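Understanding the architecture of this molecule
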Amino acid sequence: MTSAMEQRRPVPTDGEAILNALPNPVLLVAPDGRIVDANIAAESFFEISTQFLRRQSLKELVPFGSPLLALIEQVRTSGSPVNEYKVDLGTPRIGGDRQVDLHVAPLTERPGHIVVMLQERTIADKMDRQLTHRSAARSVIALAAMLAHEIKNPLSGIRGAAQLLEQQASSEDRLLTRLICDEADRIVTLVDRMEVFGDDRPVARGPVNIHSVLDHVKRLAQSGFARNVRFIEDYDPSLPPVLANQDQLIQVFLNLVKNAAEAVADLGSDAEIQLTTAFRPGVRLSVPGKKSRVSLPLEFCVKDNGSGVPEDLLPNLFDPFVTTKQTGSGLGLALVAKIIGDHGGIIECESQPRKTTFRVLMPMYSAAKQHDQSNRDDVPGTPSPASQDIR
């Protein structure tokens, strides 16, 4: 299904088609600083159509005093290309942290005109951080196994002793024995939640319709914890299935939507959660120990207009025991990161006041690859993944 904007866009020339095929934003800047042309990736980066970009001056799109403006003048004066790395082009409209590598060059056919290509660093940095999150999750796996064995057994004895004392205790002392039992149960519940990290059993995966998952999660949320929250859906209806376990994906997005609902709980009728899906073919992840890179073209986002995540917590938000809630255990997002990591995907959070985005990037389903994986898994004693019928 094509959008109205795509239907109105004229058929591009070969040069325009090549430019639009590039995953990196490209701008053509006139001598007076106006934007003459831009590719589709630039529309996505600046969150504005080419039609409106052509009405803008570059200084209106980038932060005040941005190094990009000085680089353009340097290139225009010297006539030679210049590269600059790790430049922040973030603004309140497009996001507060948008680090890019800049490639600026003169267009010799049109004197005074400058070509600017942006290579966003945040994707690469997110992937590096994601590997760190997975390492932290593996550390928790070992901790969970130790806790399950070394803590649950003594707690059982403590609880049993408290119950025996309760039979002969006075009414005031019964409050204390009940407190011991309740706290022992709370610790066991926490350890049980941590044991999930140590579950390395293979799960059945197959083609999953992400829109069915999100619709199910939305219905659950609207019937309970997000009853008074307005949901906005922005889906790509042509999105291919994702290779995943449907139950685990429901758990992931239920956790993310629940966090979003708690973030907007104090906004009353202004509370808003946005669910989006999109196809991003340019994202690939290098996997340690493998020469090939894994393509992660499917993007699923949960956005809210809450107060945002404190900046000092963002780098470690998916680590265990990191939480902004007074009564939270800090294991919910760590479990989300583990499930997404086990599926070969990545998850990242971008946050500023009134605009917090949890972005999940995952591989799409391929029947041929799934068939090969099923053949490798069909060994004695190992169940093969079950396919899922998506309607």
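Quick caveat: nothing in here was measured; it's all calculated off a predicted structure.

1. A word on the packing of aromatic side chains
- Across all of its chains, the model carries two aromatic pairs by this definition.
- With centroids separated by 4.9 Å and ring planes inclined at 80 degrees, the aromatic side chains of Phe-45 and Phe-46 adopt a geometry described as edge-to-face.
- Since its relative accessible area comes to 3%, Phe-45 is described here as buried.
- Measuring from centroid to centroid gives 6.2 Å for Phe-253 and Phe-300, while their planes differ by 65 degrees, and the two rings are edge-to-face. Placement of the pair is Phe-253 in helix α10 (residues 246-263) and Phe-300 in strand β12 (residues 298-304), with a sequence separation of 47 residues.
- Residue classification places Phe-300 among the buried residues on the basis of a relative accessible area of 1%.

2. Considerations on the sheet that holds strand β3 (residues 82-88)
- The five strands are arranged β2-β1-β5-β4-β3 in an open sheet whose pairing can be described as antiparallel. With partners counted over all chains shown, the strands left at the sheet margins are β2 (35-38) and β3, one partner each. The sheet shows a mean angle of 25 degrees between the axes of neighbouring strands, taken without regard to direction.
- Both strand β4 (residues 99-106) and strand β5 (residues 114-120) contribute to a ladder of seven bridges, which runs antiparallel. In the strand pairing of β5, Pro-106 is matched with Ile-114.
- Helix-sheet contacts for helix α5 (residues 67-78) involve β1 (26-29), β3, β4 and β5, and the interaxial angle to β4 is about 20 degrees.

3. Observations concerning the sheet that holds strand β7 (residues 230-234)
- The mixed open sheet is built from five strands, whose spatial order is β7-β9-β12-β14-β13. If you trace the sheet from one side to the other, it starts and ends with β7 and β13 (346-352), each paired once. Here the average twist between neighbouring strands, direction ignored, is 15 degrees.
- One ladder, built from seven bridges, connects β12 with strand β14 (residues 355-362); its direction is antiparallel.

4. Thoughts on the packing of α10 against helix α11 (residues 332-342)
- Direction vectors running N to C along α10 and α11 enclose 145 degrees, while the axes themselves pass 10 Å from each other. As α10 runs across α11, the sense of the crossing is left-handed. Contacts between α10 and α11 pair Gln-248, Gln-251, Val-252, Asn-255, Leu-256 and Asn-259 from the former with Gly-332, Leu-333, Leu-335, Val-336, Ile-339 and Ile-340 from the latter.

5. Thoughts on the environment of Ser-156
- With respect to the helices and strands, Ser-156 occurs in helix α7 (residues 152-168).
- Residues Ser-156 and Cys-181, spaced 25 residues apart in sequence, show a C-alpha to C-alpha distance of 9.5 Å.

6. Points about unusual backbone geometry
- Positive phi outside glycine occurs at Glu-47, with the angle close to 55 degrees.
- Classification of Glu-47 as partly exposed rests on a relative accessible area of 45%.
- Even without a glycine there, the phi angle at Arg-354 is positive, about 70 degrees.
- Relative to the helices and strands, Arg-354 resides in the loop between β13 and β14.

7. A look at the packing of helix α9 (residues 210-222) against α10
- Packing of α9 against α10 leaves a shortest axis separation of 9 Å and a crossing angle of 50 degrees. Judged by the inter-axis angle, α9 sits oblique to α10. Taken as a pair, α9 and α10 cross one another with a handedness that is right-handed. On α10, the residues touching Ile-210, Val-213, Leu-214, His-216, Val-217, Leu-220 and Ala-221 of α9 are Gln-246, Leu-249, Ile-250, Phe-253, Leu-254 and Val-257.
- For the contact of α9 with α10, a count of residues per class yields 11 nonpolar, two polar and no charged.

Thresholds, definitions, all that
- Residue indices follow the written sequence of each chain, beginning from 1 at its first position.
- Per-residue local features of the predicted model are confined to residues with pLDDT of at least 70, and side-chain atom pairs are confined, for both listing and counting, to 80 or more; whole-chain, interface and lining totals are unaffected and use all residues.
- Only hydrogens and water are set aside when side-chain values are computed; all heavy atoms of the structure are taken into account.
- The pairing test for Phe, Tyr and Trp rings, Trp by its six-membered ring, is centres within 6.5 Å, and the orientation test on the planes gives stacked under 30 degrees, edge-to-face over 60, and tilted for anything in between.
- Relative accessibility thresholds used throughout: buried, under 20% of the residue-type maximum; exposed, over 50%; partly exposed, between the two (1.4 Å probe, protein chains only).
- Helix and strand assignments follow DSSP, with helices taken as H or I runs no shorter than four residues and strands as E runs no shorter than two, numbered in order from the N terminus.
- Whether two strands pair comes down to DSSP finding at least two bridges between them.
- Geometry is summarised by axes, namely lines fitted to C-alpha atoms with helices restricted to the contacting stretch, and by angles between N-to-C directions that run from 0 to 180 degrees.
- The contact rule is simple, with two residues in contact once any of their heavy atoms fall within 4.5 Å.
- Should the near helix be turned anticlockwise from the far one by less than a right angle, the crossing is termed left-handed; should it be turned clockwise, right-handed.
- Orientation labels follow simple angle bins: below 35 degrees gives roughly parallel, above 145 gives roughly antiparallel, 65 to 115 gives roughly perpendicular, and whatever is left gives oblique.
- Each residue is assigned to one class: nonpolar for Ala, Val, Leu, Ile, Met, Phe, Trp, Tyr, Cys and Pro, charged for Asp, Glu, Lys and Arg, and polar for all the others, Gly among them.

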